[in-house]
Amino acid sequence: MAKDKPDHHDAELVLKLYELRREPVMRASRDAINGKFFPETWEDFIAITKPEHPHNAAFRQTASYWEMVYGMAHHEIVAAEYLVENSGEGMFLFSKVLPFLKRFREEASSHAFVHAEWVATQTATGKRLLDLFQARLKQKAGATAGR
């Protein structure tokens, strides 16, 4: 049964997850992925998954972190809506990955981003955030193309 109402245990988990996001290496990884990773083609996307890419470690760290976090919601360890309301940044990464996800699963990792996908399709907040971030990325791509 899904956990619909958060309790103090949910709050403790969300606060701990926030603390982990503030760790210096994680903060640097988040900065690299949030601010510098904007794949427009399959080649742009797949490049970051290669060990020689300068942001590969940051991608792996942030992707695995958000999958862990969203897995807690998917497996009903924490109230999903509450978690996503306080951990929406992972939807930003997922919105960048989504255009390439089908091919990535076919060619590289069949289970990649399954928890993020669940959040994006099975929670109201995840759906709203995905729509918001996809619109922002589309706007950014349009602004970049006009240069």
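Details of the structure are given in the entry above.
Residues numbered from 1 in each chain as written. Predicted model: local features only at pLDDT ≥ 70, side-chain atom pairs only at ≥ 80, totals over all residues. Heavy atoms only, no water.

Right, let's talk about unusual backbone geometry for a bit. Non-glycine residue glutamate 76 carries a positive phi angle of around 60°. If you trace the backbone, glutamate 76 turns up in the loop between helix H4 (56–74) and helix H5 (80–86). Classification of glutamate 76 by relative accessible area gives partly exposed; the value is 36%. (Helix = DSSP H or I, 4+ residues; strand = E, 2+ residues; numbered from the N terminus. Buried < 20%, exposed > 50% of the residue type's maximum accessible area, 1.4 Å probe, protein only.)

This structure, assessed with the given rule, holds 12 aromatic pairs. Judged by centre distance (5.2 Å) and plane angle (55°), the ring pair of phenylalanine 92 and phenylalanine 133 falls under tilted. With a gap of 41 residues between them, phenylalanine 92 in helix H6 (residues 89–97) and phenylalanine 133 in helix H9 (residues 124–145) connect regions that are remote in the sequence. An aromatic cluster of three or more residues is present, and its members are Phe37, Trp42, Phe45, Phe59, Phe94, Phe100, Phe104 and Phe113. Stacked on the ring of phenylalanine 38, the Lys or Arg lysine 96 has its end atom at 4.0 Å from the ring centre. Over the face of the ring belonging to phenylalanine 38 we find lysine 140, whose NZ or CZ atom lies 4.5 Å from the ring centre. (Phe/Tyr/Trp six-rings, centres within 6.5 Å; stacked < 30°, edge-to-face > 60°. Lys NZ or Arg CZ within 6 Å of the ring centre and 35° of its normal.)

It is worth spelling out H6 at this point. Every α-helix winds through 3.6 residues per turn, so residues three or four apart in the chain are directed the same way. For H6, the buried fraction is high: nine of the nine residues fall into the buried class. Inspection of H6 places Glu89, Gly90, Met91, Phe92, Leu93, Phe94, Ser95, Lys96 and Val97 among the buried residues, and these make up the whole buried set.

We now examine the nonpolar core. In this structure, Phe59, Tyr70, Met91, Leu93 and Phe113 are the most contacted members of the largest nonpolar core, which totals 40 residues. If one sorts the elements of this core by residue count, H4 sits on top with nine residues. Not counting chain neighbours up to four residues away, the residues in contact with phenylalanine 59 comprise Ile33, Phe37, Phe45, Ile48, Thr49, Leu93, Val97 and Phe113. (Core = buried A, V, L, I, M, F, W, Y, C linked by side-chain atoms within 4.5 Å. Contact = heavy atoms within 4.5 Å.)

Attention now moves to the packing of helix H2 (residues 24–36) against H4. Where H2 meets H4, the closest approach of the two axes is 8 Å, and the angle between their N-to-C directions is 100°. In terms of orientation, H2 lies roughly perpendicular with respect to H4. Residue-level inspection shows Val25, Met26, Ser29, Arg30, Ala32 and Ile33 of H2 in contact with H4, the latter providing Ala58, Phe59, Gln61, Thr62 and Tyr65. Tallied by class, the residues present in the contact of H2 with H4 amount to seven nonpolar, three polar and one charged. (Axes fitted to C-alpha atoms, helices over the stretch in contact; angles between N-to-C directions. Parallel < 35°, antiparallel > 145°, perpendicular 65-115°, else oblique. Nonpolar A, V, L, I, M, F, W, Y, C, P; charged D, E, K, R; others polar.)

Purely spatial values, then, with no claim about function.
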